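# Chain and residue survey
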Amino acid sequence: MRLPDRFASRLPGRLGERTEQPVVSMVRLHGVITATVGPVPRSVINANAIEKTLERAFAPDRLAAVALLVNSPGGAPTQSALVADRIRGLAEEKGVPVLAFCEDVAASGGYWLACAADEIYAHATSIVGSIGVISQGFGLDGLIERFGVQRRLYTAGTSKARLDPFLPEKQEDVDWLHDLQGELHEMFKKWVSERRGDRLKVEAEPFTGEVWTGARAVEIGLVDGLGTARGVLGKRFPDAELVAVEGRRPLLARLGIGPAPAAASVLGADQLLGITQAAEIRATWARYGL
């Protein structure tokens, strides 16, 4: 056996070998949606991280459908929109249906991603919705005053220091933020309305930022039905091979080699940043009791 044939014999048909069996690609969208790199591999979702995975998912010749396994509490609106737009672009290019399956939570930006699908399913216990916009921060001006710390800030432009956490809050800045949130909220509402169409029960007020169980989300029209990915796909595409498509890990990670741990007594800037990111990610999940 030639060397290339030996390697090819170990590769499943789903990775490129021609077969008469249709394929359903399954893509896992797990994590907080953010443009930053996560402290743990595959702990975040963004357009750059998911691009190659989506391309591979839509690549098979005999592709019958693509399934999105969504488990996300949301995050950055722009990254949510970029990933969803890419999914829609590939779906239209390939002419295949996309089905989304909400797992523990598909909330806020996570639900934005689910709406990239033609059909959405959830488990009865899934947390779905949160169609709104949130901003958060701290007011530290009283703290630095208590310790006698002076805040020295120099700007060119009257709006450069809006909502600086070390300066007293101004009502005009809060009003500006509310206007910005309102604009983003309208974009979110428009996206959901366009994708869900007349399936959405507007009288149930789905745009308040509230979350619902999957069972209730069916009644509101946020999802099309209850079920698991393998259960629904097995019935819809009984002859298809269900193929999990994952992002490629770095070579060192595939070999089981990670970065050396930092000394217990010394934390560098990168380690502190990683701790901060991990705390933010944990807090985002915690909003939904996860």
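Look above for the structure.
First things first, this report covers the structure right here in the doc. What you see is a predicted model; the values in this text were computed from it and never measured. (Residues numbered from 1 in each chain as written. Predicted model: local features only at pLDDT ≥ 70, side-chain atom pairs only at ≥ 80, totals over all residues. Heavy atoms only, no water.)

On to the overall build of the protein, then. Secondary structure summary: the protein contains ten helices and ten strands in total. Per-residue burial over the protein gives 36% buried out of 290 residues. (Helix = DSSP H or I, 4+ residues; strand = E, 2+ residues; numbered from the N terminus. Buried < 20%, exposed > 50% of the residue type's maximum accessible area, 1.4 Å probe, protein only.)

Here we come to the environment of Glu210. Mapped onto the secondary structure, Glu210 falls in the loop between α6 (171-196) and β8 (211-213). Judged by its relative accessible area of 42%, Glu210 is partly exposed.

Turning our eyes to something else, we now look at the packing of helix α3 (residues 77-94) against α6. At a closest axis distance of 12 Å, the pairing of α3 and α6 adopts a crossing angle of 25°. In terms of orientation, α3 and α6 fall into the roughly parallel class. Seen along the crossing, α3 lies across α6 with a hand that is left-handed. Contacts from Pro77, Ala84, Asp85 and Arg88 in α3 reach Leu184, Trp191 and Arg195 in α6. The residue makeup of the contact of α3 with α6, split by class, is four nonpolar, no polar and three charged. (Axes fitted to C-alpha atoms, helices over the stretch in contact; angles between N-to-C directions. Parallel < 35°, antiparallel > 145°, perpendicular 65-115°, else oblique. Left-handed = near helix turned anticlockwise from the far one by under 90°. Contact = heavy atoms within 4.5 Å. Nonpolar A, V, L, I, M, F, W, Y, C, P; charged D, E, K, R; others polar.)

Tallying each qualifying case throughout the model produces three aromatic pairs. Arranged with centres 4.9 Å apart and planes meeting at 35°, the rings of Trp112 and Phe188 form a pair that is tilted. Pair noted here: Trp112 is in helix α4 (residues 109-114) and Phe188 is in helix α6, with a separation of 76 residues, a long-range link. In this structure Phe188 comes out as buried when scored by relative accessible area, which is 4%. Arranged with centres 6.0 Å apart and planes meeting at 20°, the rings of Trp112 and Trp191 form a pair that is stacked. Placement of Trp112 in helix α4 and of Trp191 in helix α6 is noted, with a sequence separation of 79 residues between them. Linked through ring pairs, Trp112, Phe188 and Trp191 together constitute an aromatic cluster. (Phe/Tyr/Trp six-rings, centres within 6.5 Å; stacked < 30°, edge-to-face > 60°.)

Another point: helix α8 (residues 229-236). Residues spaced three or four apart along an α-helix point in a common direction, a consequence of the helix completing one turn every 3.6 residues. Among the residues of α8, those classed as buried are Ala229, Val232 and Leu233. Here the buried residues of α8 occupy an arc of 95° about the axis, which is enough to place them on one side. Away from the buried face of α8 by more than 90 degrees, exposed residues Arg230 and Lys235 are located. For α8, the elements touching its buried residues are β1 (23-30), β4 (63-72), β5 (98-107), β6 (119-122) and β10 (241-245). (Arc of directions from axis to C-beta.)

Let us look at the pattern of salt bridges. Throughout the structure, instances matching the rule amount to 14 salt bridges. For Asp164, the salt bridge is made with Arg151, and the minimal N-O distance between the two is 2.4 Å. Taken as a pair, Asp164 in the loop between α5 (141-146) and α6 and Arg151 in the loop between α5 and α6 lie far apart in primary sequence, 13 residues in all. The exposure class assigned to Arg151 is partly exposed, which follows from its relative accessible area of 36%. One salt bridge in this structure joins Lys189 and Glu186, with 3.0 Å as the shortest N-O distance. Here Lys189 and its partner Glu186 are both found in helix α6, three residues apart, which amounts to about one turn of the helix. Overall, the relative accessible area of 45% leaves Glu186 in the partly exposed class. Ionic contacts of the salt-bridge type, sharing partners, join the residues Glu51, Lys52, Glu55 and Arg86 into one network. (Salt bridge = Lys/Arg side-chain N within 4 Å of Asp/Glu carboxyl O.)

Before going further, it helps to examine helix α2 (residues 47-57). For α2, the complete set of buried residues consists of Ile50, Thr53, Leu54 and Ala57. Looking straight down α2, one finds that the buried residues subtend no more than 105° of arc, so they occupy a single side. Projecting away from the buried face of α2 at angles above 90 degrees are the exposed residues Asn48 and Lys52. Its side-chain oxygen placed 3.2 Å from the backbone nitrogen of Asn48, Asn46 serves as the N-cap of α2. (Polar contact = N/O pair within 3.5 Å; in protein donor to acceptor, adjacent residues only side chain to side chain.)

These figures come from the coordinates and say nothing about function on their own.
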